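# Results of the structural survey
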Amino acid sequence: GAGVSQSPSNKVTEKGKDVELRCDPISGHTALYWYRQSLGQGLEFLIYFQGNSAPDKSGLPSDRFSAERTGGSVSTLTIQRTQQEDSAVYLCASSLVGDGTEAFFGQGTRLTVV
Amino acid sequence: AQSVTQLDSQVPVFEEAPVELRCNYSSSVSVYLFWYVQYPNQGLQLLLKYLSGSTLVKGINGFEAEFNKSQTSFHLRKPSVHISDTAEYFCAVSESSGAGSYQLTFGKGTKLSVIP
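To start, this report covers the structure provided alongside it. The structure displayed is predicted, hence computed values, not measured ones.

## Remarks on the overall build of chain A
- For chain A, the helix and strand inventory stands at 0 helices and 11 strands.
- Mapped from its N terminus to its C terminus, chain A presents α and β elements in the order β-β-β-β-β-β-β-β-β-β-β.
- In summary, chain A has a C-alpha radius of gyration of 13 Å against a globular reference of 13 Å for 114 residues, a match within 12%.
- In chain A, the proportion of contacts linking residues at least 24 apart, taken out of those at least 6 apart, comes to 54%.
- Split by element, the accessible area of chain A, about 5200 Å² in all, is 46% carbon and sulfur.
- One finds the centroid of the 10 positive side-chain charges in chain A at a distance of 6 Å from the centroid of its 12 negative side-chain charges.

Take a look at the structure:
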């Protein structure tokens, strides 16, 4: 596609349920990042993929958070046993190569845990 | 680790007036610097970036920024704002984590409100 696509755009879930958030990066982009944007913490890095590998998972806040990437393309961020503090906008970004020179962001998924 | 400070959380300005949004970062050997804009309920759009070379960089929508290494600043400016510039602006630094990741470290954002 022309840009980074994320789905769903909005997700409301009950506390304790699992959720999956999807990111379709720009075709051919090898690097993929997940960020979280919340009122209290601002924009925070979660995880980085280069191809299908995740060499940097240092931003994942707990073991309830995991992510995978398949075919060097689509990525899924999974949050297990959601908590209210997980409510945030989850942003995905991709770049052609992971050299830090540019990143293109998706529209984000707004997650609300009730 | 890098840190980014945006000195103003909110900036109101009248239409057609100039504006400066301030950004300071912690020093490092070399940095890549970015300004992103976020309109309501949208993702981040790149305004401009500094990678190397000329310290004055020009971006989209008439914005420009100047990299000042001695003051570790990267302030964003526009000589004449429009109503459509009302948005939140984020300054960011790209740093290597040592694991090959060049994730962005963001400031807390500055909300620009353009008053008719």
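Next comes the rest of the account.
## Remarks on the pattern of salt bridges
- If you walk through the whole model with that rule in mind, you get 9 salt bridges over all chains.
- Between Lys-49 of chain B and Glu-102 of chain A there is a salt bridge, and its shortest N-O distance comes to 2.9 Å. Placement of Lys-49 of chain B in strand 6 (residues 44-50) and of Glu-102 of chain A in the loop between strand 9 (88-95) and strand 10 (104-105) is noted, with the two residues assigned to different chains.
- Among the residues examined, Lys-49 of chain B registers a relative accessible area of 25% and is labelled partly exposed.
- The exposure class assigned to Glu-102 of chain A is partly exposed, which follows from its relative accessible area of 27%.
- Salt-bridge contacts for Lys-78 of chain B lead to Asp-85 of chain B; the nearest nitrogen and oxygen are separated by 2.8 Å.
- Ionic contacts of the salt-bridge type, sharing partners, join the residues Glu-20, Glu-66 and Arg-77 of chain B into one network.

## Points about the packing of aromatic side chains
- The tally for this structure, following the rule as stated, stands at 13 aromatic pairs over all chains.
- Ring centres of Tyr-33 of chain A and Tyr-48 of chain A lie 5.0 Å apart, and the angle between their planes is 35°; on these two criteria the pair is classed as tilted. Here Tyr-33 of chain A is found in strand 4 (residues 31-38), whereas its partner Tyr-48 of chain A is found in strand 5 (residues 42-50), with 15 residues between them in sequence. With respect to burial, Tyr-33 of chain A and Tyr-48 of chain A carry one shared label: buried.
- Grouping aromatic residues by their ring pairs yields a cluster made of Tyr-33, Tyr-35, Phe-45, Tyr-48 and Phe-105 of chain A together with Phe-34, Tyr-36, Phe-90 and Phe-106 of chain B.

Rules of the game
- Residues numbered from 1 in each chain as written.
- Chains lettered and ligands numbered in written order.
- Predicted model: local features only at pLDDT ≥ 70, side-chain atom pairs only at ≥ 80, totals over all residues.
- Heavy atoms only, no water.
- Helix = DSSP H or I, 4+ residues; strand = E, 2+ residues; numbered from the N terminus.
- Rg over C-alpha atoms; globule rule 2.2 N^0.38 Å.
- Contact = heavy atoms within 4.5 Å.
- Areas by Shrake-Rupley, 256 points an atom, 1.4 Å probe, with all protein chains shown as cover.
- Lys, Arg positive; Asp, Glu negative; His and termini not counted.
- Charge placed at Lys NZ, Arg CZ, Asp CG, Glu CD.
- Salt bridge = Lys/Arg side-chain N within 4 Å of Asp/Glu carboxyl O.
- Buried < 20%, exposed > 50% of the residue type's maximum accessible area, 1.4 Å probe, protein only.
- Phe/Tyr/Trp six-rings, centres within 6.5 Å; stacked < 30°, edge-to-face > 60°.

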